[in-house]
Amino acid sequence: PTSASAATMDAALTALLARLGLGRLEETLMDEAITELPLLTSMGAEMLRENLSEIGVDDADIAVLSAELFPPAPADASGGGTAADGNSAAGTGGADAPRGGGALAPRPGDSSGLSAEAESAATAAGVTHEEETAHEMAEWLLKPYLVTDLDDLKKKVMRLTAQGNAYLADGQYANAAATYSHALGLEAPNSRANAALYYNRSAAQYKLGRPWLAVRDATLAAEADPRRSAPAWWRVAQLSLATGDVPTAKDAVARGLHAQPGCAPLRSIQAAIA
């Protein structure tokens, strides 16, 4: 496509929204480059709720769509996870699928600034939760001069990230970009937090009509946290295609698939530009 507005929604997603009485969401989803049904199902139930809430979709509409895409599975004797919790194969569409757009919001008590998607990617890579937690604490301690103010720094980064996400959801894109920049200026020794900030600032830059800066920030997000870089490379590819830069899009797809070979949305872009 030559521009974001030139994108079209696939027939399956359009039909689903119409059947659920959610046709009003088409414009919002297209603004976030969420134009294919597999992209929604790839998020899993939890991330779907979080992502749609961040871009301003009403809770009631989110509940209707989530119930349709991720119906509760019958309880079984093993006590395993259900599609509703986003942990089953049917619910996630693959742990390595990227998000469609918007901000990466921190969860309560999570100092990284990334969501469950990042943890699922780490699990897929063979990293346990305990190892990931230990790695994060080690990162915060890499710069000795920050040790005495470590807790304060983490709180500032989390507060600014949440504030930036609120601005982004409210359509105050310039304020969002400035707030993310402020948080990045703190130079927190945490690759996941910084990747989330770059990724979110990329979304704000795109909304401000600065696609070249959006590509730059998405690239910085990918480079800041290579193990979880597929969502950022996906955004680089989408934005590059929107500006007619096919070579950069191809390079972004290749890098994203190197990080997460089974990523369906990246495979979709690869097929479209082959």
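In what follows, the accompanying structure is described. (Residues numbered from 1 in each chain as written. Predicted model: local features only at pLDDT ≥ 70, side-chain atom pairs only at ≥ 80, totals over all residues. Heavy atoms only, no water.)

## A closer look at the packing of helix 11 (residues 191-207) against helix 13 (residues 230-242)
Contact pair helix 11 / helix 13: the axes reach a minimum separation of 11 Å and the direction vectors enclose 20°. Between helix 11 and helix 13, the crossing angle belongs to the class labelled roughly parallel. The way helix 11 lies across helix 13 gives a crossing that is left-handed. Contact with helix 11, carried on its side by Tyr199, Ser202, Ala203 and Tyr206, involves Pro231, Ala232, Arg235 and Leu239 of helix 13 and no other residues of that element. Class assignment of the residues belonging to the contact of helix 11 with helix 13 gives a composition of six nonpolar, one polar and one charged. (Axes fitted to C-alpha atoms, helices over the stretch in contact; angles between N-to-C directions. Helix = DSSP H or I, 4+ residues; strand = E, 2+ residues; numbered from the N terminus. Parallel < 35°, antiparallel > 145°, perpendicular 65-115°, else oblique. Left-handed = near helix turned anticlockwise from the far one by under 90°. Contact = heavy atoms within 4.5 Å. Nonpolar A, V, L, I, M, F, W, Y, C, P; charged D, E, K, R; others polar.)

## Details of the side chain of Asp217
Of note, Asp217 is situated in helix 12 (residues 211-224). Classification of Asp217 by relative accessible area gives buried; the value is 0%. (Buried < 20%, exposed > 50% of the residue type's maximum accessible area, 1.4 Å probe, protein only.)

## Considering the packing of helix 10 (residues 173-185) against helix 11
One way to put it is that helix 10 packs onto helix 11 with a least axis distance of 9 Å and a crossing angle of 155°. As far as their axial angle goes, helix 11 and helix 10 are roughly antiparallel. Crossing hand, helix 10 versus helix 11: left-handed. Taken together, the residues of helix 11 that come into contact with helix 10 (itself represented by Tyr173, Ala176, Ala177, Tyr180, Ser181, Ala183 and Leu184) are Asn194, Leu197, Tyr198, Asn200, Arg201, Ala204 and Lys207. Classifying every residue of the contact of helix 10 with helix 11 by side-chain character gives nine nonpolar, three polar and two charged.

## Re the environment of Gly56
The residue Gly56 is located in the loop between helix 4 (44-54) and helix 5 (59-69) in this model. As a C-alpha pair, Gly56 and Asp170 span 114 residues in sequence and 7.4 Å in three-dimensional space.

## A look at helix 11
Between its first and last C-alpha atoms helix 11 spans 25 Å; for 17 residues at 1.5 Å apiece the expected length is 24 Å, and the two agree. Within helix 11, 14 of the 17 residues are buried, which leaves the element mostly enclosed by the surrounding structure. Backbone nitrogen of Arg192 and a side-chain oxygen of the N-cap are separated by 3.1 Å at the start of helix 11; the cap is Asn190. Count one or two residues on from helix 11 and you reach Gly209, which has phi positive near 75°. (Expected span 1.5 Å × (residues − 1). Polar contact = N/O pair within 3.5 Å; in protein donor to acceptor, adjacent residues only side chain to side chain.)

## Some words on the pattern of salt bridges
Any two side chains of opposite charge can pair, so long as their charged atoms come close to each other. For the structure shown, the criterion picks out six salt bridges. Of the charged contacts in the structure, one is a salt bridge between Asp225 and Arg228, with a shortest N-O distance of 2.9 Å. Taking the relative accessible area as the measure of exposure, Arg228 reaches 10% and is therefore buried. Its salt-bridge partner being Asp251, residue Arg255 comes within 3.1 Å of it at the nearest N-O pair. Of the two residues, Arg255 and Asp251 are both situated in helix 14 (residues 246-259); the distance of four residues between them amounts to about one turn of the helix. You can call Asp251 partly exposed: its relative accessible area is 37%. (Salt bridge = Lys/Arg side-chain N within 4 Å of Asp/Glu carboxyl O.)

## Remarks on unusual backbone geometry
Phi is positive for Glu187, close to 55°, though the residue is something other than glycine. For Glu187, the location among the structural elements is in the loop between helix 10 and helix 11.

## Notes on the nonpolar core
With 22 residues, the main nonpolar core has Val236, Ala237, Val253, Leu266, Ile269 and Ile273 as its most contacted residues. Listed by contribution, the elements that provide at least two residues to this core are helix 12, helix 13, helix 14 and helix 15 (264-273). With eight residues, helix 13 is the largest single contributor of residues to this core. Those residues in contact with Leu266 that lie beyond four places of it in its chain are Ala230, Trp233, Trp234, Val253, Gly256 and Leu257. Residues Leu13, Leu40, Leu65 and Phe70 belong to the second largest nonpolar core, which totals 19 residues. (Core = buried A, V, L, I, M, F, W, Y, C linked by side-chain atoms within 4.5 Å.)

## Looking at helix 14
Across its 14 residues, helix 14 extends 20 Å between first and last C-alpha, which sits within 8% of the 20 Å expected from 1.5 Å per residue. Restricting attention to buried positions, one finds in helix 14 the residues Ala249, Ala252, Val253, Gly256 and Leu257. Projected onto a plane normal to the axis of helix 14, the buried residues spread over an arc of 130° and lie on a single side. Within helix 14, the exposed residues directed more than 90 degrees away from the buried face are Pro247 and His258. Where the residues of helix 14 are buried, they touch helix 13 and helix 15. (Arc of directions from axis to C-beta.)

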